[in-house]
Amino acid sequence: MANCPKCGSHLRLIDWRQHCPHCGANIVIYDLQERLMQQADSAEVQYYHFQKKVNRVKASFVGNKFAIMRIFASILPVGPLFLTLIKGNFSSPLTEGFLKINFLGIYDNIESLGSIFGMLGSKVRPDFCFALGFAVFAMSIVLTVLHFALNTLACSPKGKQRNITIDVLILLTTICSAALFAFFASGGAFSGSIGLGAYLYVLAQIVNTVIDFITLHKGIEVKEAECFCGGIPIEEYFKMVDDGMSREEIRQEQYKRLQAAQDEKEEKLAEEERKLKEAEAEEE
């Protein structure tokens, strides 16, 4: 159970009545104004921290023209995956015959993935390179999806370092997979070459990472909305707390600011009402 807000005595389960059994204070309405102000302060501080996160996410996507370009550049590599990535003759342990493989072809032959990854232990160099190239290619796709998702955190404190790391890994895995398929994978269970989709995929990933590097270099300004805590600007409120001001002193300043804001609002309403009456008088 809770404690009495006046005397601080612990309330038992049987102390269900409205008044404290120790001091007689009305527990429900005692110091209600102060408790409401404390709840309001807590809510406004939480809103401030939440709004900062929202502002960073918003800036990451539409903070400037480069951030908007980065959205489209991040999904650009998806298109080439549906074109021919590799083409040639396949033999056991892979599906036999002449095939043109793209993302849909990989999905249709997903049961062959076990055979492909099993070739990582092969002593035949082309088979090993084919399996390694496929593994690195799969890693580049996962990194691309991760890169798009983490763009939401690009304006966070460690967002720049994180994006640069992922960009470098995307370039390495993409180029390495294309090189393995093009120069080292043919001659074993696979005999063929890379297709148009592979070239476009490498090009799209280069564009993706270059746009991201430019965006990170230019930087994005995060526009912060002004927040208040009891009529006091939130940064000033935090400074008051850090400077060791008591709750009573802060509360008095809040009441003063809120009253000033209310007086200003009433003056504007009175001025608008006065102008309206003058306009009506002129019309009459």
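Scoring rules and cut-offs
Residues numbered from 1 in each chain as written. Predicted model: local features only at pLDDT ≥ 70, side-chain atom pairs only at ≥ 80, totals over all residues. Heavy atoms only, no water. Helix = DSSP H or I, 4+ residues; strand = E, 2+ residues; numbered from the N terminus. Rg over C-alpha atoms; globule rule 2.2 N^0.38 Å. Pairing = 2+ DSSP bridges. Axes fitted to C-alpha atoms, helices over the stretch in contact; angles between N-to-C directions. Buried < 20%, exposed > 50% of the residue type's maximum accessible area, 1.4 Å probe, protein only. Arc of directions from axis to C-beta. Contact = heavy atoms within 4.5 Å. Core = buried A, V, L, I, M, F, W, Y, C linked by side-chain atoms within 4.5 Å. Phe/Tyr/Trp six-rings, centres within 6.5 Å; stacked < 30°, edge-to-face > 60°. Patch = residues over 30% accessible without salt bridge, like charges linked within 9 Å, V, L, I, M, F, W, Y side chains within 5 Å. Areas by Shrake-Rupley, 256 points an atom, 1.4 Å probe, with all protein chains shown as cover. Salt bridge = Lys/Arg side-chain N within 4 Å of Asp/Glu carboxyl O. Lys, Arg positive; Asp, Glu negative; His and termini not counted. Charge placed at Lys NZ, Arg CZ, Asp CG, Glu CD.

Moving on, we come to the overall build of the protein chain. Looking only at helices and strands, the protein chain features 9 helices and 5 strands. Listing each helix as α and each strand as β along the protein chain from the N terminus yields α-α-β-β-α-α-α-α-β-α-β-β-α-α. For 284 residues, the compact-globule estimate of 2.2 N^0.38 gives 19 Å, and the C-alpha radius of gyration of the protein chain, at 33 Å, exceeds that figure by more than 25%. Projected onto the principal axes, the alpha-carbon positions of the protein chain cover approximately 90 × 70 × 40 Å.

Strand order in the open sheet made by the 3 strands is S2-S1-S3, with antiparallel pairing throughout. Bordering the open sheet on either side are strand S2 (97-101) and strand S3 (190-194), each of which pairs with just one other strand. Within this sheet the neighbouring strands show an average axis-to-axis angle of 15°, counted without direction. Pairing of strand S1 (residues 86-90) with S2, which is carried by 5 bridges, proceeds in the antiparallel orientation. Across the sheet, residue Lys87 finds its bridge partner in S2, namely Lys100.

For helix H2 (residues 65-75), the full list of buried residues reads Phe66, Ala67, Arg70, Ala73 and Ser74. End-on view of H2: buried residues confined to an arc of 115°, all on one side of the axis. Exposed side of H2, more than 90 degrees from the buried face: Lys65 and Phe72 are the residues found there. Residues of H2 that are buried sit in contact with helix H1 (32-62), helix H5 (125-150), helix H6 (159-184) and helix H7 (196-218).

Okay, the nonpolar core next. Residues Ile86, Phe90, Leu94, Phe130, Phe137 and Phe181 are the most contacted members of the largest nonpolar core, which totals 21 residues. If you list the elements that add at least two residues to this core, you get S1, H5, S3 and H7. The greatest single-element share of this core, amounting to 5 residues, is contributed by H5. Among residues more than four places away in sequence, those in contact with Phe130 are Ile86, Phe90, Leu94, Ile116, Met119, Phe181, Ala185 and Phe190. With 9 residues, the next largest nonpolar core counts Val45, Cys227, Cys229 and Met240 among its residues.

Moving on, we get to the side chain of Thr209. Tracing the sequence through the fold places Thr209 in helix H7. Apart from residues lying up to four places away in sequence, Thr209 is in contact with Asp167, Ile170 and Leu171.

Time to look at the packing of aromatic side chains. Counting across every chain of the model gives 9 aromatic pairs. Each ring, one from Phe130 and one from Phe190, has its centre 5.4 Å from the other, and the planes form 35°; the classification is tilted. Note that Phe130 is positioned in helix H5 and Phe190 in strand S3, a separation of 60 residues in sequence. Clustering of aromatic rings is evident, with ring pairs tying together Phe90, Phe130, Phe181 and Phe190.

Turning our attention to a nonpolar patch on the surface. A surface patch of nonpolar side chains, amounting to about 790 Å² of accessible area, comprises Val62, Ile68, Phe72, Ile75, Val78, Phe82, Phe103, Leu104 and Phe148. Listed by contribution, the elements that provide at least two residues to the nonpolar patch are H2 and helix H3 (103-108). The greatest single-element share of the nonpolar patch, amounting to 3 residues, is contributed by H2. Inspection of the secondary structure assignment puts Phe103 in helix H3. Relative accessible area serves as the criterion here: at 36%, Phe103 is assigned to the partly exposed category.

Together, Glu280, Glu282, Glu283 and Glu284 make up a negatively charged patch on the protein surface. Position of Glu282 relative to the elements: it lies in helix H9 (residues 247-283). Residue classification places Glu282 among the exposed residues on the basis of a relative accessible area of 70%.

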